[in-house]
Amino acid sequence: MLVLLGFAMIAVFMVLIMTKKLTPVLALIIVPTVFGLFAGAGLGIGDMVLESMKSMTSTAALLMFAIIYFGLMIDVGLFDPLVKFILRKLGNDPAKVVLGTAILAAAVSLDGDGSTTFILTTAAMLPVYLRLKMSPVVLTCVAGLANGTMNILPWGGPTARAATALHLDVNDVFVPMIPSLIAGLVVVFGFAWLLGLQERNRLRAIAPEIWGTPDTAEPFTAEKFDGGASDGGSGSSRGRKGGGPAGVAPAVVGSVSVLDRTGTLVDERDSAMADTALDPNRKTLRPRLFWFNLGLTVAVMLVLVANIVPLPFVFMVGSAIALLVNFPKVKEQGEQLIAHAPSIVAVVSMVMAAAVLTGVLKGTGMVEAMSAWLVQIIPTSMGPFMAVITGVLSIPMTFFMSNDAFYFGVLPVLSETAAHYGISAADMARASITGQPFHLQSPLVPAILLLVSLAKVDLGDHHKKVLWRTAVVSLVMLGVGMLTGAIGIG
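Computed from a predicted model, the values in this text were never measured in an experiment. (Residues numbered from 1 in each chain as written. Predicted model: local features only at pLDDT ≥ 70, side-chain atom pairs only at ≥ 80, totals over all residues. Heavy atoms only, no water.)

Novice: How should I be thinking about the overall build of the protein in this particular structure?
Specialist: A tally of helices and strands in the protein yields 23 helices and two strands. Taken over 490 residues, the protein has a buried fraction of 56%. Taking as baseline every contact in the protein between residues at least 6 positions apart, the subset at least 24 positions apart corresponds to 78%. On the protein, roughly 19900 Å² of surface is accessible, and the fraction owed to carbon and sulfur atoms is 68%. (Helix = DSSP H or I, 4+ residues; strand = E, 2+ residues; numbered from the N terminus. Buried < 20%, exposed > 50% of the residue type's maximum accessible area, 1.4 Å probe, protein only. Contact = heavy atoms within 4.5 Å. Areas by Shrake-Rupley, 256 points an atom, 1.4 Å probe, with all protein chains shown as cover.)

Novice: Sorry if this is basic, but what is going on with the side chain of S109 here?
Specialist: Assignment of secondary structure puts S109 in the loop between α6 (94-108) and α7 (114-131). A polar contact is formed between the side chain of S109 and the backbone oxygen of A105, at a distance of 2.6 Å. Once residues lying within four places of it in the same chain are set aside, the contact partners of S109 are T117, A146, N147, M150 and L153. (Polar contact = N/O pair within 3.5 Å; in protein donor to acceptor, adjacent residues only side chain to side chain.)

Novice: Help me understand the packing of helix α4 (residues 57-76) against helix α14 (residues 311-326), please; the structure alone is not making it clear to me.
Specialist: How two helices sit against one another is set out by the angle between their axes and by the gap between those axes. Interhelical geometry of α4 versus α14 gives an angle of 30° and a closest axis separation of 8 Å. Judged by the inter-axis angle, α4 sits roughly parallel to α14. Where α4 crosses over α14, the handedness of that crossing is left-handed. Each of S58, A61, L62, F65, A66, I68, Y69, F70, L72, M73 and V76 in α4 lies in contact with α14, whose residues at this interface are L311, P312, F315, M316, G318, S319, A322, L323 and N326. Of the residues belonging to the contact of α4 with α14, the class tally is 16 nonpolar, four polar and no charged. (Axes fitted to C-alpha atoms, helices over the stretch in contact; angles between N-to-C directions. Parallel < 35°, antiparallel > 145°, perpendicular 65-115°, else oblique. Left-handed = near helix turned anticlockwise from the far one by under 90°. Nonpolar A, V, L, I, M, F, W, Y, C, P; charged D, E, K, R; others polar.)

Novice: Help me understand the environment of V452, please; the structure alone is not making it clear to me.
Specialist: Mapped onto the secondary structure, V452 falls in helix α22 (residues 446-454). Between the C-alpha atom of V452 and that of A346, which follows or precedes it by 106 residues, the distance is 9.6 Å. Beyond its immediate sequence surroundings of up to four residues, V452 is in contact with T140, V457, L459 and H462.

Novice: So what exactly am I meant to see when it comes to α22 here?
Specialist: Each full turn of the α-helix corresponds to 3.6 residues, which orients residues three or four apart in the same direction. Among the nine residues that make up α22, eight are buried, leaving the element largely enclosed by the rest of the structure. Along α22, the residues classified as buried are A447, I448, L449, L450, L451, V452, S453 and L454. Of the surrounding elements, those touching the buried residues of α22 are α4, α7, α8 (136-150), α16 (341-363) and α23 (459-484). Remark: K456 follows α22 within two positions and exhibits a positive phi of approximately 55°.

Novice: Would you mind showing me how to read the packing of aromatic side chains here?
Specialist: Each aromatic ring pair is described using two quantities: the centre-to-centre distance and the angle formed by the ring planes. Per the stated rule, a full pass over the model turns up four aromatic pairs. Each ring, one from F290 and one from W291, has its centre 5.2 Å from the other, and the planes form 85°; the classification is edge-to-face. The class for F290 is partly exposed, based on a relative accessible area of 22%. Their ring planes at 55° and their centres at 5.1 Å tell us that F399 and F438 sit as a pair that is tilted. Pair noted here: F399 is in helix α18 (residues 386-400) and F438 is in helix α21 (residues 436-439), with a separation of 39 residues, a long-range link. (Phe/Tyr/Trp six-rings, centres within 6.5 Å; stacked < 30°, edge-to-face > 60°.)

Novice: Help me out: how do you make sense of a nonpolar patch on the surface in this one?
Specialist: Together, F292, I308, V309, F313, M316, V317, I321, L324 and V325 give the surface a local cluster of nonpolar side chains, amounting to about 730 Å² of exposed area. It is α14 that provides the largest number of residues to the nonpolar patch, a total of six residues. For V309, the location among the structural elements is in the loop between α13 (290-306) and α14. (Patch = residues over 30% accessible without salt bridge, like charges linked within 9 Å, V, L, I, M, F, W, Y side chains within 5 Å. Salt bridge = Lys/Arg side-chain N within 4 Å of Asp/Glu carboxyl O.)

Novice: What is the right way to read the packing of α18 against helix α20 (residues 425-432) from this model?
Specialist: Where α18 contacts α20, the axes come no closer than 8 Å and their chain directions differ by 25°. By the angle between their axes, α18 is roughly parallel relative to α20. As for how α18 packs across α20, the hand of that crossing is right-handed. Judged by residue contacts, M386, A387, T390, G391 and S394 of α18 engage D427, M428, A431 and S432 from α20. Tallied by class, residues from the contact of α18 with α20 come to four nonpolar, four polar and one charged.

Novice: What exactly am I supposed to notice about the confidence of the model for the protein here?
Specialist: Any segment with low pLDDT has predicted coordinates that should not be analysed in fine detail. Taken as a whole, the protein shows an average pLDDT of 77; of its residues, 82% reach a score of 70 or greater. When pLDDT is averaged over each helix and strand of the protein, the minimum, 31, is found for strand β1 (residues 220-221) and the maximum, 94, for α8. Here residues 213-276 is modelled with pLDDT under 50, and outside its nearest four sequence neighbours on either side it reaches 139 contacts, counting other chains as well. (pLDDT = per-residue confidence, 0-100.)

Novice: When you look at unusual backbone geometry in this model, what are you seeing that I'm missing?
Specialist: Note: most residues except glycine have negative phi, and most peptide bonds are trans. Here K133, not a glycine, exhibits a phi torsion of approximately 65°, which is positive. In this structure, K133 sits in the loop between α7 and α8. A residue is classified by how much of its surface remains accessible, and K133, at 5% relative accessible area, is buried. A positive phi angle, near 55°, is found at K456, a position not held by glycine.

Novice: What should I look at first to understand the environment of V173 in this one?
Specialist: Looking at the element boundaries, V173 is found in helix α10 (residues 170-174). Overall, the relative accessible area of 0% leaves V173 in the buried class. In this structure V173 touches T159, A163, L168, A429, R430 and I433, once residues within four positions along its chain are discounted.

Novice: I would appreciate a short explanation of α6 in the present structure.
Specialist: Its 15 residues give α6 an end-to-end C-alpha distance of 21 Å, which sits within 8% of 21 Å, the value for a rise of 1.5 Å per residue. Restricting attention to buried positions, one finds in α6 the residues P94, A95, V97, V98, G100, T101, A102, A105, A106 and V108. The N-cap of α6, judged by a side-chain oxygen 3.1 Å from the amide nitrogen of A95 a few residues on, is D93. (Expected span 1.5 Å × (residues − 1).)

Novice: Where do I start with the pattern of salt bridges in this structure?
Specialist: Close approach of charged atoms allows side chains with opposite charge to pair. For the structure on display, the rule yields six salt bridges. One salt bridge connects D461 with K464, and the closest N-O pair in it is separated by 3.7 Å. A residue pair is termed a helical-turn pair when its members lie 3 or 4 positions apart in one helix, as D461 and K464 do in helix α23 at three residues. Judged by its relative accessible area of 16%, D461 is buried. K464 gets classed as partly exposed once you look at its relative accessible area, which sits at 43%.

Novice: What is the right way to look at the side chain of T434 in this model?
Specialist: The residue T434 is located in the loop between α20 and α21 in this model. Residues within four places of T434 in sequence aside, it is in contact with M177, G391, S394, S474, M477, L478 and I487.

Here it is as structure tokens:
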């Protein structure tokens, strides 16, 4: 009964958020509550949820103050030069922008922390997407793909968990999987390029006079530009008014807007950023404090990577200093906090609501029952393929349960079974980490909640675009692991 209720609860939850019948927050609260009562939790369901919520409070604090801090840095203009540099290098070609997003996310993922990756990638790239009228869902999809693939790094967490659970050296698990990691990244970059081409074609369709072939692009008038306005993205930005197919007012030289031969908007006065989050005339800009804000941000990042004090406290102090220096008046400080309140409420409420799902899964015994059932249904004839089966199971199981529950609860049982068929623990550990690209998209992962909240993207929209792609990446990593002998068959 617990097994049926567990799988039914997860299925109902996913259907409701992907069909947008309920918001993720409501689905995370209502669905587990109903199924928990059916599972016999009774009045004890409250204690289950509160116990789970205790482990979420530090995460909620981290996300709250990280949103405040990086929102402030965008408002005061810290990232404006970076955006201009990116646009100079990538032009306004969506395919190059999306591929650049994947490369940036993969590079930042080397630090092993998903929250840091998504914060930096979103801060750098979201203004570019909004300026070019690109869909922020593409940004979250590509960033999630890249970070999920890189999550098998030894210091990322899952690989260390798998090695610890099976008493192995972490290098013995990771090093043979390097070819799989490379193959996964190749697939990610391929998906990024294809998504970029789709965005390029979509934008050309809604405004052919601007998004035509760059080499043949002709000057166009402001009147033409206004006629092609359309909203092609799923996200929004505070203060954005649309204004054209790139989500911005055109570059204006006299009465004419111009594209250079690379397809880049030529705009010496930055009028192309007017009425966007990067409006050069916004009242929150603090150009004289640029170097201070840059130094503060570098310091915050260094402390974050060094992990010498708790991360929530790092962003608490950083936000306080940034507010005090950039907005010394109490009224201005209040205005800034109010300006970022919608993003804060969205992400913190989702984290707290996720405690209901995890609390019910664990408190009612659904997780343990589902794990035991999956192990029992594997036929004896499939024994020699236990490593492959483990790799396939890791895709859905790490999505619906925490890494700790899978690696310390399920993997040892699977590995013990596999040993009877001559499959080593190392093979099992390597197979178990191939599901990480899919795992990182789970609503139980705080970092992905941060990503969609920063980009103002609906979680259901993100899942519809990213889940099947991450499943492909995971299966490719598993297949390459088998081909290279890193994942053996008994």
